[in-house]
Structures are given as structure tokens and as C-alpha cells.
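For reference, the chains in residue letters:
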Amino acid sequence: MLKEQSRLLVASIFTLDLAVVAAAFFLAFWIRSILPNLFPDSISPLYPLDSYLPLLPFVLLVWGGLLLGSGCYRSHRTVPLGEEAWTIVKVCATALAVLALGVYALRLDEKLLGGDEFSRAWVLLVGVLACLLLISEKLAIRIMSRWVRWRGYNYRTVLIVGIHEGAVDLADSIVDHRYWGFRILGFVSHPRAEKGQLPPRYQLLGTLDDILTIVEQNPVDDVLFCVNRRDLDRMEDLFLALHEQGIRTRFALNLFPHTKARTHFDELDGVPLLTFSTAPERPLPMAFKRLVDVSTSVALLTLGLPAVLAIALLIRLTGPGGILYRQTRCGLNGRRFTLYKFRTMVEGAEARQRELLHLNEMDGPVFKMERDPRVTWFGRILRRFSLDELPQLWNVLRGDMSLVGPRPPIPDEVARYQRWQRRRLSMKPGLTCLWQVSGRNQIDFDRWMELDLQYIDSWSPWLDMKILLKTVPAVLSGRGAS
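Residues numbered from 1 in each chain as written. Predicted model: local features only at pLDDT ≥ 70, side-chain atom pairs only at ≥ 80, totals over all residues. Heavy atoms only, no water.

A. Representation of the overall build of the chain within the structure. Within the chain, the secondary structure is distributed over 17 helices and 11 strands. Out of the 482 residues in the chain, the part that is buried amounts to 42%. For the chain, the computed accessible surface area is about 27600 Å², with 59% contributed by carbon and sulfur atoms. (Helix = DSSP H or I, 4+ residues; strand = E, 2+ residues; numbered from the N terminus. Buried < 20%, exposed > 50% of the residue type's maximum accessible area, 1.4 Å probe, protein only. Areas by Shrake-Rupley, 256 points an atom, 1.4 Å probe, with all protein chains shown as cover.)

B. Fine view of the sheet that holds strand 3 (residues 204-207). Spatial strand order, 3-2-1-4-5: five strands in an open sheet with parallel pairing. For this open sheet the edge positions go to strand 3 and strand 5 (248-251), each flanked by a neighbour on one side alone. Across the sheet, the axes of successive neighbouring strands diverge by a mean angle of 30°, strand direction being ignored. Taken together, the six bridges between strand 1 (residues 156-161) and strand 2 (residues 182-189) define a ladder with parallel strand orientation. (Pairing = 2+ DSSP bridges. Axes fitted to C-alpha atoms, helices over the stretch in contact; angles between N-to-C directions.)

C. Structural view of helix 10 (residues 283-303). The terminal C-alpha atoms of helix 10 lie 30 Å apart, and with 21 residues this matches the ideal 30 Å at 1.5 Å per residue to within 8%. Regarding helix 10, the residues found buried are P285, K289, V292, D293 and S297. Projected down its long axis, helix 10 shows its buried positions confined to an angular sector of 115°, all on one face. Opposite the packed face of helix 10, turned more than 90 degrees from it, sit the exposed residues P283, L291 and T302. (Expected span 1.5 Å × (residues − 1). Arc of directions from axis to C-beta.)

D. How the structure looks around the packing of aromatic side chains. By the definition in use, this model includes 10 aromatic pairs. Summarising the aromatic geometry, the rings of F187 and Y202 are spaced 5.2 Å apart at their centres and angled 50° between planes, so their arrangement reads as tilted. A residue pair is termed long-range when its members are at least 10 positions apart, and F187 in strand 2 and Y202 in the loop between strand 2 and strand 3 qualify at 15 residues. Exposure class is identical for F187 and Y202. Each is buried. In this structure an aromatic cluster arises from ring pairing among Y417, W435, F445 and W448. (Phe/Tyr/Trp six-rings, centres within 6.5 Å; stacked < 30°, edge-to-face > 60°.)

E. Focus on the pairing of strand 8 (residues 324-330). Sheet topology places strand 8 next to strand 9 (residues 336-342); seven bridges connect them, and they run antiparallel. Across the sheet, residue Q327 finds its bridge partner in strand 9, namely L339. Turn length for the strand 8-strand 9 hairpin, with the two strands adjacent in sequence and antiparallel, is five residues, and the turn residue N333 shows positive phi of about 55°.

F. Region of interest: a nonpolar patch on the surface. Residues W377, I381, F385 and L387 make up a contiguous nonpolar surface patch of about 380 Å² in total accessible area. Of note, I381 is situated in helix 13 (residues 377-384). (Patch = residues over 30% accessible without salt bridge, like charges linked within 9 Å, V, L, I, M, F, W, Y side chains within 5 Å. Salt bridge = Lys/Arg side-chain N within 4 Å of Asp/Glu carboxyl O.)

G. Broad picture of the pairing of strand 2. In terms of burial, strand 2 is a largely internal element, six of the eight residues being buried. Pairing of strand 2 with strand 3, which is carried by three bridges, proceeds in the parallel orientation. Note that in strand 3 the partner of V188 across the bridge is G206.

H. Molecular detail of the side chain of D452. Looking at the secondary structure, you find D452 in helix 16 (residues 445-457). Excluding anything up to four places from it in sequence, D452 contacts P406, R424 and C433. (Contact = heavy atoms within 4.5 Å.)

I. Just helix 16, in detail. The terminal C-alpha atoms of helix 16 lie 19 Å apart, and with 13 residues this matches the ideal 18 Å at 1.5 Å per residue to within 8%. Inspection of helix 16 places F445, W448, M449, L451, D452, L453, Y455 and I456 among the buried residues, and these make up the whole buried set. At the N-terminal end of helix 16, a side-chain oxygen is found 3.4 Å from the backbone nitrogen of D446, two or three residues along, and the residue is D444. (Polar contact = N/O pair within 3.5 Å; in protein donor to acceptor, adjacent residues only side chain to side chain.)

J. Examining unusual backbone geometry more closely. Backbone geometry places N333, a non-glycine residue, at a positive phi of 55°. Assignment of secondary structure puts N333 in the loop between strand 8 and strand 9. By relative accessible area, which is 54% here, N333 ends up exposed. At S386, a position not held by glycine, the phi torsion is positive, near 60°. Here S386 is to be found in the loop between helix 13 and helix 14 (392-398).

K. Representation of the side chain of Q392. Within the fold, Q392 resides in helix 14. Discounting chain neighbours no more than four positions away, the residues touching Q392 are L339, Y340, K341, M401, R407 and L431.

Given below as C-alpha cells:
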């Protein structure tokens, strides 16, 4: 009965989604049609609605197919609203691109749209309004669903296998979030693998040998296994028996409880892969990060060209040697690339570093010295305001680096890293990061590494923006520069 209700609910929500997209279609046309009245001199009138109506089935087909393929209709009981909204944004952005490309590729004839004229503003409005209306709809459904579940309806009955601390903690989380819509029937113990006692607030219904009897005598929607990974192979027959009865099985995947890696499922040629990753991998946010990198580096290189030429001329006039300094650095996961900087030291500076090692002011494998005698007077000015790093915008444009990320180390430093410090290589290096806006050389090496890992663990596009905004005053003040 619950499964039939679930299928009916999915069909109803899908139909509602299509109705919302259709509403966006007509609302976009209405908004675009009144714009010529508001701005008669700059916006041309729109073709009649009859000319656009043949596009409605195409719009519904595109949005409907993408919504079905995006996983929007799986259970969202425990999915955060932000994650569901982000899925809608991705769907609408893709659908908008398909709609625009489809319209212009088909080159609709005169009978359909009155020639080649087509309102690009209307296309954009359809995408934006569909996104806003769908997110509003999902928010309304979420609020209504939580209210219904609080009142004890639309719930799933869960049987938990395992009575250890982790299983009890998971049950406590379910109880604390009643709006998820789960109701705990009870626990089943695994006496050969577990020791301990279940808290009195929960009911112990039996052992593994009793599961099939329990599910036959009680309405059970989900069996949640919280067992040791070494015991999974022994339970294959039990899994098959539950699946034979149509009962959904779930596993509490805490295979490596001490790792900070994010866990997600992939598929390779039909083979499911359980993936552990410590670095951000979501495609769209990372694509947005790359878009910001490319657009900003192009803009800065273009606007800063006069300053770049002036700095190059002054470097040439103030001493012998090349204008640019090239050095091999380690990038993403240790990939080596050539980093470019304006030369700030005298010729042969690298050969003299061995003589100055005893004056190193930074602990760890890096060399930092506030009054480095190899730095020229003009190089000291460039370093103070980080102007020597302007050529690295070319590295950003090429994809070796990002605007924000851990600073790229040299291979000799990486060779002396401790194992935990190597994780900073799991994200593309950048021009600035938390270390740069927190004092730079005033921070010891271990704290520097910790800040880089903190950045990786908490990365988001908004964190990048925050760091970029903080970098400006940090660079202008010259705090911690050498």
C-alpha cells in the first residue's frame, strides 16, 4: 500500500512540476509582452502568443526529462533544502541552454515564429522563472510534508540491525528528526559479533535469525544494517530473502570511521564504485570556480597590462638578469608545472640559498627570510605588495593554478612533507588562500598547513569570494610579506 502511494505521490509531484514549468512559460511571455509598453524606444513588440505555443511541448519535454534524470523524485526526507535547490538550479540551467540551442538550431520557419526573429529575453525569462517557481514549489511541499509527518502520517517503519553505539546514535538522530518521516519498529541484535545492551528507550525484537519472522508479522518498509563490514558477506542470504519480499535494505556506511573523506557512489561500466574523496568534486561549483578564474585572470591581465610593462621595464633597468623568474612547482596531486614570477632577486640567487639556510626564519621544509640579502631593492617593493606574483595570472589562465588555493610548493619541500601535509596537494594551488590573509610569514609552518587543509575541508564558492575580498587589504598593508 505504501509503495503504491509513493508511486502516486511521485507522479503527482512530476505533474505539478510540469504545470509549474508551463506557468513559467506563460508568465515569461506576459512579462516580455509588457516590456515594450514600459520601454517603447528600446524594446520591440513581441509576436503573438500563438506563435510561441508550439514551443510549449518542447519546453515540457526538456524540463521533464531533465527532472526525471536528476533524481528529483527520490525520497528527500533527509536531503537538505539547499541540496535540492541546487539540483533544480542545475536542471534549469541545462534546460535553458537546450531550449536556446534548440530554437536557434531548428531555425523555426515563418509560419511558426514569423521568421528568424525570436525573443532572447523570453528564453532567459522562461529559465529563470522556472527555476524560481520550482524552488518555491519544493519549499512549499517540504513544509507541508514535514507538517504531515509531525502528525504521524506518511512515515516509513524501520527495523535496525545492530545494537552497538553507532546504531543507537543513528536511531537517536531519527527520533530527533521526526519530520524525516521514519518510525523505529525496534532493534535486532547480532549476538555473534556484538556485545552490549540496548538502552531501555528502544525495544529489542530478537536476533538475526528472527528477522524474516519479524518482517512477516509486522509492516516493515526498511531494514537498516548497522553492522561490521566483516559481517556483510555472511548476510547475503538474508539480503536476498528481504529483497524477495520487496523490503528495502540500507547500510550505515561507516567503513573507515576515522577518515574525513566525503563518500559517494559512482559507476564505471555498470560496476558500482564507493568513492572516498577528501577534496571538493561537485562538477558545477568547480566549473563556476574555473569560470571565475578564467574571467578574472583575463580581466586583470588586460587591465594590468600597463603596470606589467612598467614593472618589466624597471626590472630590466635596475640590474642584470631576466625579467621573469621560472621555477618548477607542484600542482594538483603533485603534477609539476612551471610557475612564473617577476624576478625579485639577483642573478644566481638559488645557488646562494645553501649559504643562508642557517638564517631560515620558518620552521618546516620551507625557506623564509625577512631580510634576504639576495632580494633587490626594487624586488623588495614588488614583494611587499605581492606585485611579483602578477605573472601567475598566466598560470591561472592555463589551468595550472586557481585564484584561490594552497600555495604551490617546490618538489624539494614536498619530498620532506609529513604524510598528513601532502593532502594540501589534493586541490589545485592558488594565488591566495587562508594563509595569505592570516599573516603569511608570521604563521608557523604547521599552522600554515592546517589552514590549507581547513580551506579544502570547508571549500565553497562563497569561501573563495571571502578570501579574495580579504586578500585586497592584506596585500595593500603588506602584512607578513618578505
